[in-house]
Amino acid sequence: MILAYENDTIAALATPPGRGGIAIVRVSGENACAYFRALFTPAGQQQVESHRLLYGWLRDEKGALIDECMGVVMLSPRSYTREDVAEFHTHGGEQAAQAALHALYALGARPAEPGEFTRRAFLNGRIDLSRAEGVMSMIASQGEQSARAALRQLTGGTNAFIRTAQDKLTQMLAGVAAALDYPEEIEEDEAAGDVRMQAEKLADELLSACDERAARLLDTGFEVALCGRPNVGKSSLLNALLREERAIVTEIPGTTRDVVRGSLLLNGLRVNLSDTAGIREQAETVEAIGVQRAREVMRTSDLLLLVLDASQPLTAEDEALMRETSAYPRLIVCNKTDRGSVTQISDALPVSAATGDGMDLLRTAIARAAGTPCELPLTNARHMRLARKAAEHLQCAAKALESGAALDLAAIDLHAALDALGAVTGDQVDEKLLDGVFSRFCVGK
Ligand SMILES: Nc1nc2c(ncn2[C@@H]2O[C@H](COP(=O)(O)OP(=O)(O)OP(=O)(O)O)[C@@H](O)[C@H]2O)c(=O)[nH]1
Ligand SMILES: [Mg+2]
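From a predicted model like this one, the values you see are computed outputs, not experimental measurements. (Residues numbered from 1 in each chain as written. Chains lettered and ligands numbered in written order. Predicted model: local features only at pLDDT ≥ 70, side-chain atom pairs only at ≥ 80, totals over all residues. Heavy atoms only, no water.)

Caption draft 1: Quick peek at the coordination of the magnesium ion (ligand 2). All of the protein donors around the magnesium ion (ligand 2) are S235 (OG) and T256 (OG1); their distances to the metal are 2.0 Å. With S235 in helix α9 (residues 234-242) and T256 in the loop between α9 and β9 (260-266), the pair connects residues that are 21 residues apart, well separated along the chain. Comparing S235 with T256 shows no difference in burial state: the two are buried. (Donors = N, O, S within 2.8 Å, 3.2 Å for Na, K, Ca; no water. Helix = DSSP H or I, 4+ residues; strand = E, 2+ residues; numbered from the N terminus. Buried < 20%, exposed > 50% of the residue type's maximum accessible area, 1.4 Å probe, protein only.)

So, in structure tokens, the structure goes:
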């Protein structure tokens, strides 16, 4: 498959716009080195050498001074894109970097598309597609755990897993070809039995490598809803967990109506909290809508914190809520312990939003409920979709062989499985797929 590849020279700001210590302008392509020499004058007697950071002066195409800065050239193939790459590390803020970019455009460089540097790294064979996507996940990661998953992908964890699966498939196909080519020497039934077993085993391996829950948690976070009857201190707990006054707290029951959200990091994972309206049956119109929303949030959360008032005996509403939420993953939190503990329930977490007592244990319990997602090789949605597709083809092949189909028929499915795996690593890709993957990158990467 031939993929369009232009080696024209592209340039972009590699650092985020706005104020900062330095701004980096990156250039890649056949003229990167020439443009660097045209705009940058090293101080003193320094020579421009590959991979050597130089101090000097940056001028525009007409010779007007832009900045005093650092510059570096990284010659092909030892660069991010495997092309000649040059960088200017200017003072932060946007003025110098924008002026450098305009000078580069005046010389003939073109603004890079989103992800175009990484796309070139892929097209030049430096990284496979799963590693390129790891770069993007790393940039987008929120929290240590998603960064760790991205790093695994980035350093080739997904690639290694898929390559192993591809090798197994290639061996199976070789077995099929041998049986078809040498029918006198290889018993077809026996070969079919072997292939069937291997196909089933590989399908299982692929399916159990997909970690849907981890993928979602790493991508969007662990959803936790605070629920309970009015006035038990849900909003106070939200504020205490977030360590800021996010939700309105009053002594009037029915204060919260809309769902109030906030996020925090626990154990390196993003946790999204939703504070909801206190649940009671006799609520007026607006509050009743709030109660309805609370129930929707309760249904879609990963974890419920059912909040009770420890300083009062349980009410009928509390008891109803205990029953209503018993089927959900939940923690029971007895709040207001600073006022005494009339209500004692086994397994409940005693806390006081007012004094902060028990809050650390509550944080630990939430983190434990979230678990440590993702020790599995596949956490990217595209990769998981393809792995499942490959597994389906393998199961089809196994089923066909079981019902006595000929080996060459099963081979069609084995080839289809191989193609699906090839799309993970990018052995089997088309322009449309690449556009889809790289358009989600940021400019300058
Ligand atoms: N002493 C004490 N008072 C608390 C504690 N937590 C909350 N309160 C008080 O309880 C009252 C209700 O608190 P909120 O956080 O608004 O309760 P809520 O569950 O969000 O109430 P609704 O939004 O009406 O459902 C307020 O007066 C709080 O100051 C606590 O740990 N100790
Ligand atoms: Mg509230």
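Caption draft 2: A look at the site of ligand 1. With respect to spatial proximity, 23 residues lie near ligand 1, and among them K234, S236, G254, T256 and D338 are the closest. Contacts to ligand 1 include V232, whose backbone N or O atom sits 3.3 Å from an oxygen atom. Residue G233 places a main-chain N or O atom 2.9 Å away from an oxygen atom belonging to ligand 1. For ligand 1, whose unbound accessible area comes to 650 Å², protein coverage reaches 88%. At three residues, the largest contribution of residues to the shell around ligand 1 is made by α9. Taken together, the residues of the shell around ligand 1 break down into seven nonpolar, eleven polar and five charged. (Near = heavy atom within 4 Å. Polar contact = N/O pair within 3.5 Å; in protein donor to acceptor, adjacent residues only side chain to side chain. Areas by Shrake-Rupley, 256 points an atom, 1.4 Å probe, with all protein chains shown as cover. Nonpolar A, V, L, I, M, F, W, Y, C, P; charged D, E, K, R; others polar.)

Caption draft 3: Broad picture of α9. Within α9, eight of the nine residues are buried, leaving the element largely enclosed by the surrounding structure. Along α9, the residues that are buried comprise K234, S235, L237, L238, N239, A240, L241 and L242. The secondary structure elements touched by the buried residues of α9 are β8 (222-227), β9, β10 (269-275), β11 (303-309), β12 (330-335) and α12 (359-370). Just downstream of α9 lies R243, where phi reads positive at about 55°. (Contact = heavy atoms within 4.5 Å.)

Caption draft 4: Inspection of the side chain of T325 at higher detail. When you line up the elements, T325 lands in the loop between α11 (316-324) and β12. A polar side-chain atom of T325 sits 2.8 Å from the main-chain carbonyl oxygen of L321. Not counting residues up to four positions away in its chain, the partners in contact with T325 are M298, L304, L306 and R330.

Caption draft 5: Examining the pattern of salt bridges more closely. Counting across every chain of the model gives 27 salt bridges. Note that K201 and E205 form a salt bridge whose closest N and O atoms lie 3.6 Å from each other. Here E205 and K201 lie together in helix α7 (residues 188-208), a separation of four residues that amounts to about one turn. Its salt-bridge partner being D318, residue R229 comes within 2.9 Å of it at the nearest N-O pair. Of this pair, R229 sits in the loop between β8 and α9 while D318 sits in helix α11, placing them 89 residues apart in sequence. Note on R229: relative accessible area 8%, which makes it buried. (Salt bridge = Lys/Arg side-chain N within 4 Å of Asp/Glu carboxyl O.)

Caption draft 6: Inspection of the pairing of β11 at higher detail. In terms of burial, β11 is largely enclosed, as seven of its seven residues are buried. As judged from the four bridges shared by β8 and β11, these two strands associate in the parallel manner. Note that in β11 the partner of L226 across the bridge is L305. Handedness of the β-α-β unit built from β11, α11 and β12 comes out right-handed. (Pairing = 2+ DSSP bridges. Right-handed = clockwise from strand over helix to strand, strands pointing away.)

Caption draft 7: Representation of the packing of aromatic side chains in the model. Scanning the entire structure with this criterion turns up five aromatic pairs. Seen from their ring centres, Y55 and W57 are 5.8 Å apart, and the 50° between their planes marks the pair as tilted. For W57, a relative accessible area of 30% translates into the label partly exposed. Joined through ring pairs, the aromatic side chains of F36, F40 and F88 make up one cluster. Against the face of F117 rests R26, its NZ or CZ located 5.7 Å from the ring centre. (Phe/Tyr/Trp six-rings, centres within 6.5 Å; stacked < 30°, edge-to-face > 60°. Lys NZ or Arg CZ within 6 Å of the ring centre and 35° of its normal.)

Caption draft 8: Geometry of the nonpolar core. Grouped together as the largest cluster of nonpolar side chains are 37 residues, with contacts concentrated most on L206, L378, L394, L407 and L414. Taken together, the elements giving at least two residues each to this core come down to α6 (157-181), α7, α13 (381-402) and α14 (407-425). Not counting residues up to four positions away in its chain, the partners in contact with L206 are F161, A165, A387, A390, A391, L394 and L421. Grouped together as the second largest cluster of nonpolar side chains are 33 residues, L237, L241, V271 and L362 included. (Core = buried A, V, L, I, M, F, W, Y, C linked by side-chain atoms within 4.5 Å.)

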